[in-house]
Amino acid sequence: MQTIGTPLLWLVFAGVVVAALVIDLVLMRHGGPHKVTFKEATWWSLGWVALALAFNGWLWWYTGQQLGVAAGNRIGMEFLTGYLVEKALAIDNIFVFLMLFGYFAVPEAQRQRVLVLGILGAILLRAILIFIGAALLARFHWVLYLFGAFLLLTGVKMWRAAGDPPNLEHNPVLRWVTAHLPFLRRYYGSALWIGAGSRRKFTPLFIVLVMIAITDVIFAVDSIPAIFAITADPFIVLTSNVFAVLGLRAMFFLLQGMADRFHLLPYGLALVLAFIGAKMLLLDVVKLPTLLSLGVVALIIGVTIALSLLRPAQAKT
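Predicted model, so just to flag it, every value in this text is computed and none were measured. (Residues numbered from 1 in each chain as written. Predicted model: local features only at pLDDT ≥ 70, side-chain atom pairs only at ≥ 80, totals over all residues. Heavy atoms only, no water.)

In contact at an axis separation of 8 Å, helix H2 (residues 38–67) and helix H9 (residues 248–255) are set at 145° when each is read in the N-to-C sense. In this structure, H2 meets H9 at a crossing whose hand is left-handed. Side by side, H2 and H9 meet where Phe38, Ala41, Thr42, Trp44, Ser45 and Trp48 of the first sit next to Ala250, Met251, Phe253 and Leu254 of the second. When grouped by side-chain class, the residues that make up the contact of H2 with H9 number 8 nonpolar, 2 polar and no charged. (Axes fitted to C-alpha atoms, helices over the stretch in contact; angles between N-to-C directions. Helix = DSSP H or I, 4+ residues; strand = E, 2+ residues; numbered from the N terminus. Left-handed = near helix turned anticlockwise from the far one by under 90°. Contact = heavy atoms within 4.5 Å. Nonpolar A, V, L, I, M, F, W, Y, C, P; charged D, E, K, R; others polar.)

Next comes the structure, spelled out in structure tokens:
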């Protein structure tokens, strides 16, 4: 398993992430449970993007100094492309989170806590999946073709399902959880459960947290193979992934009032997955430059967002 990840690089990355999370949690706790305003979400979103770009710039410069300008340019572009792909695919998570919060009528003041816990779990889960994926690719090159076929089929499936909101009433995981856990029908502040031992009963907040974790498992299975089409280096894959996930909470509050305006975005995300899947399948035939891949992904997302704004969704009767 080849990687540029030296002990210094891993240490810098871990230090940046831990410091950012501590600042985020301290500021969130200082404000107490509250409804996040659009202005607050905008500043947090810009802050997370700026942090990712700053790390990207530093990585670009450092690897250029250590490994040469050409290697630095390649690594910097791979990180940026991976970050953009993961950031775009993370938007699909937000649509599902909005549906979950609406279905369970999660109070606005408690949404931050659930998202923070979900994001922390997502970082741990993705780290495990990334290292497993990198180990498989290092030993079995044909896994790339498996990933490519899976992404291509997922893109086709996502395109067909676009515009049809999932029906939580028939979700098998949700039905199993609510049927097998002692489940309360009301919220108790920020508590995930009340009581202890055999008397413990779980609040809707706990059920939402479980569903968010399962949702991220599903989306991670889609998005992590996508970034392996860009680079097989576990350091670049993990760092770009984590920086994309870190801004998920702020992005949620930024987009929660505008989700309906981006009604065509799921089609764009489906095209992104299909493009990356095809790229992986043709890897040994046609090798697309990373800059070209970045341009294609940015173009697809940009066009679908623009078309969504130019052609608003018609109200269903």
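From this point, the narrative continues.
On to the side chain of Asp233. Following the sequence through the fold, Asp233 ends up in the loop between helix H7 (204–228) and helix H8 (234–246). Within the local environment of Asp233, its side chain forms a polar contact with the side chain of Thr3, the two groups lying 2.6 Å apart. Leave out the neighbours within four places in its chain, and Asp233 touches Gln2, Thr3 and Ile4. (Polar contact = N/O pair within 3.5 Å; in protein donor to acceptor, adjacent residues only side chain to side chain.)

To continue, consider the environment of Asp92. Here Asp92 lies in helix H3 (residues 69–103). If we ignore the near neighbours within four places in the chain, the residues touching Asp92 are Met158, Phe219 and Leu269.

Time to look at the nonpolar core. Counting 93 residues, the largest nonpolar core has Phe104, Phe228 and Ile276 as its most contacted members. Top contributing element to this core by residue count: H3, with 15 residues. With residues near it in sequence (within four places) discarded, Ile276 still touches Val85, Leu151, Ala226 and Ala229. (Core = buried A, V, L, I, M, F, W, Y, C linked by side-chain atoms within 4.5 Å. Buried < 20%, exposed > 50% of the residue type's maximum accessible area, 1.4 Å probe, protein only.)

So, on to the confidence of the model for the chain. The pLDDT averaged across the chain works out to 83; a share of 92% of its residues lies at or above 70. Helix H6 (residues 172–180) is the least confidently modelled element of the chain, averaging 77 in pLDDT, while H2 averages 92, the highest of any element. (pLDDT = per-residue confidence, 0-100.)

Our focus in this paragraph is the side chain of Lys87. Relative to the helices and strands, Lys87 resides in helix H3. Buried charge without a salt bridge: Lys87, with Glu86 as the nearest opposite-charge side chain at an N-O distance of 11 Å. The residues contacting Lys87, other than those within four sequence positions of it, are Val49, Ala244, Gly247 and Met251. (Lys, Arg positive; Asp, Glu negative; His and termini not counted. Salt bridge = Lys/Arg side-chain N within 4 Å of Asp/Glu carboxyl O.)

Moving on: a nonpolar patch on the surface. Together, Leu124, Ile128, Ile132, Leu136, Phe140, Trp142 and Leu146 make up an exposed nonpolar region whose accessible area comes to about 690 Å². For the nonpolar patch, the leading source of residues is helix H4 (residues 108–139), giving 4 residues. Positionally, Leu146 belongs in helix H5 (residues 143–161). (Patch = residues over 30% accessible without salt bridge, like charges linked within 9 Å, V, L, I, M, F, W, Y side chains within 5 Å. Areas by Shrake-Rupley, 256 points an atom, 1.4 Å probe, with all protein chains shown as cover.)

All right, on to unusual backbone geometry then. In the Ramachandran plot, Ala105 falls in the positive-phi region, its phi being about 50° despite a non-glycine side chain. Structurally, Ala105 is set in the loop between H3 and H4.

If you trace the backbone, Ala229 turns up in the loop between H7 and H8. The sequence separation of Ala229 and Pro172 amounts to 57 residues, and the corresponding C-alpha distance is 32 Å. With near-sequence residues (within four places) excluded, Ala229 lies in contact with Ile276, Lys279 and Met280.

This part covers the packing of aromatic side chains. Scanning all chains against the criterion turns up 21 aromatic pairs. Where Trp10 meets Phe13, the ring centres are 6.3 Å apart and the plane angle is 70°; that geometry is what we call edge-to-face. Here Trp10 and its partner Phe13 are both found in helix H1 (residues 7–31), 3 residues apart, which amounts to about one turn of the helix. The exposure class assigned to Phe13 is buried, which follows from its relative accessible area of 7%. Judged by centre distance (6.3 Å) and plane angle (70°), the rings of Phe13 and Phe235 are edge-to-face. Placement of the pair is Phe13 in helix H1 and Phe235 in helix H8, with a sequence separation of 222 residues. (Phe/Tyr/Trp six-rings, centres within 6.5 Å; stacked < 30°, edge-to-face > 60°.)

Let's shift gears to H9. Judged by how many residues are buried, H9 sits mostly within the fold: 8 of 8 residues are covered. Within H9, the full set of buried residues consists of Leu248, Arg249, Ala250, Met251, Phe252, Phe253, Leu254 and Leu255.

Turning next to the packing of H3 against H8. Between H3 and H8, the least distance of the axes is 8 Å, while the angle of their chain directions is 40°. Our classification of the angle between H3 and H8 gives oblique. The hand of the H3/H8 crossing is right-handed. Touching Ile75, Glu78, Phe79, Gly82, Tyr83, Glu86 and Lys87 of H3 are Ile236, Thr239, Ser240, Asn241, Phe243 and Ala244, all from H8. Looking at the contact of H3 with H8 residue by residue, the class counts come to 6 nonpolar, 4 polar and 3 charged. (Parallel < 35°, antiparallel > 145°, perpendicular 65-115°, else oblique.)

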